Amino acid sequence: MRSMRDVPLALGEWESLSRRMEGRQVAIFLDYDGTLSPIVPNPDEARLSDAMRTTLLELARRYPVAIVSGRDLPVLKGFVRLEGVSYAGSHGFDIEGPDGRGFQLEEGKALLPELDAAERELSVGLAGIPGTRLERKRFSVAVHWRHVEEARGPEVEHLVDAVLARHPRLRKGGGKKVFECQPALDWHKGRAVEWVLNALGLAREDVLPVYLGDDLTDEDAFQTLKGRGLSLVVRGEVERPTEADYALTDVEEVRRFLELLIDRARGTTR
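Presented here is an overview of the structure given in this document. The model shown is predicted, which means the values in this text are computed figures rather than measured ones.

## Quick notes on the environment of threonine 35
Mapped onto the elements, threonine 35 comes out in the loop between β2 (25-30) and α2 (50-60). Judged by its relative accessible area of 0%, threonine 35 is buried. When the C-alpha atoms of threonine 35 and glycine 213 are compared, they prove to be 5.7 Å apart, with 178 residues separating the residues in sequence. Sequence-distant contacts of threonine 35, defined by excluding residues within four places in its chain, comprise Met52, Leu212, Gly213, Asp214, Val234, Val251 and Val254.

In structure tokens form, the structure reads like this:
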């Protein structure tokens, strides 16, 4: 791993990146929050810009595209609202392909009652910490603490840890100002990428998977694709180590990178 600031910027390395794509089919995997839409104070307002939606529409006409997110699958589809793409919600526990074919991890479904119990306990504990927001997804319970006083952040984490200690079949996931209680299973965004590649007949040597994401949860996908694909990290507000091959500075650079991919498919340059 290396620090995000040491990862070369993708737009400045486009010619090199483009050469790696020559003679291969490119499949695009995209995180949502912080990648396609900026991080916002209220997660319910993380909408796609008109420009990004237009870009995604053009991209999906030319490449296999999958949106891979921690958001609940119905919520993710409601935000993106595009046909002909794959969606992987709840960090890959809930997947739907462009043909409507779906996948839910059976072991994850068996742990839904455990998640119900954790949700009830968290709801009681968080009631005394202003600024927290509890979000129940089908396969996880998210504790958002972006609006919590900085000094009380450790208190939120301690509460989450205490609940998980009572539910050893669950684990703690992390993101930007969010803790997630998830099934303690060997399943993550990287596994979701592999499922989509196999489901679409793209698990081949002549296919180059390209994954863009900004969060810690995207590192699982970066690691999965190491040596067989390309991974691009979107730099955020926190500096951290990453497995990514290249970097993009923000959501607008993500859009510009996707536009370059569209131009490549058209056989044009900018």
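So much for the structure itself; the text now carries on.
## Digging into the packing of helix α1 (residues 14-21) against helix α9 (residues 251-266)
Relative to each other, α1 and α9 sit at 50 degrees, their axes nearing to 12 Å. Judged by the inter-axis angle, α1 sits oblique to α9. Between α1 and α9 lies a crossing of right-handed hand. Contact residues: α1 offers Trp14, Leu17, Ser18 and Met21, while α9 offers Phe257, Leu260, Leu261 and Arg264. For the contact of α1 with α9, the per-class residue count stands at 6 nonpolar, 1 polar and 1 charged.

## As for the pairing of strand β10 (residues 178-183)
Where burial is concerned, most of β10 is hidden: 6 out of the 6 residues are buried. Sheet topology places strand β8 (residues 140-144) next to β10; 4 bridges connect them, and they run antiparallel. The partner of alanine 142 across the bridge, within β10, is glutamate 180. Bridge analysis of strand β9 (residues 170-175) against β10 gives 6 bridges, and the strand direction is antiparallel.

Conventions and cut-offs
- Residues numbered from 1 in each chain as written.
- Predicted model: local features only at pLDDT ≥ 70, side-chain atom pairs only at ≥ 80, totals over all residues.
- Heavy atoms only, no water.
- Helix = DSSP H or I, 4+ residues; strand = E, 2+ residues; numbered from the N terminus.
- Buried < 20%, exposed > 50% of the residue type's maximum accessible area, 1.4 Å probe, protein only.
- Contact = heavy atoms within 4.5 Å.
- Axes fitted to C-alpha atoms, helices over the stretch in contact; angles between N-to-C directions.
- Parallel < 35°, antiparallel > 145°, perpendicular 65-115°, else oblique.
- Left-handed = near helix turned anticlockwise from the far one by under 90°.
- Nonpolar A, V, L, I, M, F, W, Y, C, P; charged D, E, K, R; others polar.
- Pairing = 2+ DSSP bridges.

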